[in-house]
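Chain by chain, the residues:
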Amino acid sequence: MTSRSPLQTLSALALAALLGACSGAPMQAQAPMTAAAQQAAPDLASYDWNLTAAFDVQGKPDGRWLLAGRAPMQLHFEDQRLTVRNLCNMIGANFGTQGNDIQLTQPLSTKRACADQALMQLEDRVGMLLPSMKRYQLHAGGTPGLQLWFADGTRWELAGQPTPQTQYGGPAERIFLEVAPQQQACSQPLMPNAQCLRVREIRYADNGVKQSVGEWQPFYGKVQGYTHEKGVRNVLRINRYVIKNPPADASRYAYVLDMVVETERVR
């Protein structure tokens, strides 16, 4: 059995806290944000941005940034913080804008190890490239678009999807769910032989110390952004949104993965 150490688990929780604490601090050599940039920031924050294409210095497609069979990288901008998702670890950095210029601080990352070496290598490349982000351009349309330019002349293209905050409205409730390594049989009227996640809620103090653990129970819903791997126990940090006017037979909540804070592979 292998597991993350307490230090690694705490680092996942501390990453978001550290970025949050630093979000109000001005970045070095950053000019004051203009009115145009302030107007653009809500557009950046209203969508999660999925990488659709990357180009090298000559403008030729660069497939190194998209892995076959894997969800594309997703960039999330919120409160002057950028979070990169769908890698092995969560990468985060503070950012500031002036006009169409964008500047990032040195990225921070959680320390979870992954068996997928291609994903780990992609994560390393992303961590090295992000600080050189220089310029961005938003495009309106049926599917909003975002282009990012880097100091070496390379470019990313991304497609926007509404964030859960935009989709559901209102603030989310933050909860932690531990997911058991194995799923369990559960009753789903339209799905014979259904299998559900087996979960229990964990409550933490503000300093990251575990306070209480709930009872195991089947989870009938879906956690957006989470794919369960058989034999792996996870602790998930989840944003839970209230769905306005849900169907009579549906849950009143939407569960959206915010971060995997603990992982253990059980053999």
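A few points on the structure. In this text the structure is predicted, and so the values were computed from the model without any measurement. (Residues numbered from 1 in each chain as written. Predicted model: local features only at pLDDT ≥ 70, side-chain atom pairs only at ≥ 80, totals over all residues. Heavy atoms only, no water.)

Among the secondary structure elements, Thr 154 is positioned in the loop between strand E9 (145–150) and strand E10 (155–162). Of note is the side chain of Thr 154, whose polar atom sits 2.7 Å from the side chain of Asp 152. Setting aside its immediate chain neighbours within four residues, Thr 154 contacts Phe 55, Asp 56, Val 57, Leu 129, Leu 148 and Trp 149. (Helix = DSSP H or I, 4+ residues; strand = E, 2+ residues; numbered from the N terminus. Polar contact = N/O pair within 3.5 Å; in protein donor to acceptor, adjacent residues only side chain to side chain. Contact = heavy atoms within 4.5 Å.)

Another point: unusual backbone geometry. Its identity as a non-glycine residue notwithstanding, Asp 79 has a phi of 50 degrees, on the positive side. Examined against the element boundaries, Asp 79 turns out to sit in the loop between strand E3 (74–78) and strand E4 (81–85). In the Ramachandran plot, Gln 80 falls in the positive-phi region, its phi being about 60 degrees despite a non-glycine side chain. Locating Gln 80 in the fold gives a position in the loop between E3 and E4.

Turning our eyes to something else, we now look at the state of the cysteines. In total, this model carries two disulfides according to the counting rule given. The partner cysteine of Cys 88 in its disulfide is Cys 114, sulfur to sulfur 1.9 Å. With the S-S bond torsion at 95 degrees, the cross-link from Cys 88 to Cys 114 turns out right-handed. Of this pair, Cys 88 sits in the loop between E4 and strand E5 (91–98) while Cys 114 sits in the loop between strand E7 (108–109) and helix H3 (117–129), placing them 26 residues apart in sequence. Of the two residues, Cys 88 and Cys 114, neither departs from the other in class, the shared state being buried. Through a disulfide, Cys 186 is tied to Cys 196; the S-S separation comes to 1.9 Å. On the S-S bond that ties Cys 186 to Cys 196, the torsion sits near 75 degrees, and the link is right-handed. (Disulfide = S-S within 2.5 Å. Buried < 20%, exposed > 50% of the residue type's maximum accessible area, 1.4 Å probe, protein only.)

Applying the stated rule across the entire model yields 13 salt bridges. Between Glu 201 and Arg 203 there is a salt bridge, with its nearest N and O atoms 3.8 Å apart. Since its relative accessible area comes to 28%, Glu 201 is described here as partly exposed. Look at Arg 203 and you get partly exposed, because its relative accessible area is 49%. Across the pair Arg 233 and Glu 262 runs a salt bridge, and its minimum N-O distance is 2.6 Å. One end of the pair, Arg 233, is in strand E17 (residues 232–242); the other, Glu 262, is in strand E18 (residues 253–265), with 29 residues separating them in the sequence. Residue Arg 233 is classed as buried on the basis of its relative accessible area of 12%. (Salt bridge = Lys/Arg side-chain N within 4 Å of Asp/Glu carboxyl O.)

What follows deals with the packing of aromatic side chains. For the structure shown, the criterion picks out eight aromatic pairs. Relative to Tyr 255, the ring of Phe 219 lies with its centre 5.0 Å away and its plane at 80 degrees, an arrangement referred to as edge-to-face. Taken as a pair, Phe 219 in strand E15 (residues 217–219) and Tyr 255 in strand E18 lie far apart in primary sequence, 36 residues in all. Of the residues examined, Phe 219 reaches a relative accessible area of 9% and is grouped as buried. (Phe/Tyr/Trp six-rings, centres within 6.5 Å; stacked < 30°, edge-to-face > 60°.)

Pairing analysis gives six bridges linking strand E8 (residues 133–139) to E9, with the strands arranged antiparallel. Bridge pairing in E9 places Leu 138 opposite Leu 146. Between E8 and the antiparallel strand that follows it, E9, lie five residues; Gly 141 among them carries a positive phi value of about 155 degrees. (Pairing = 2+ DSSP bridges.)

Any link to function would need more than the numbers given here.
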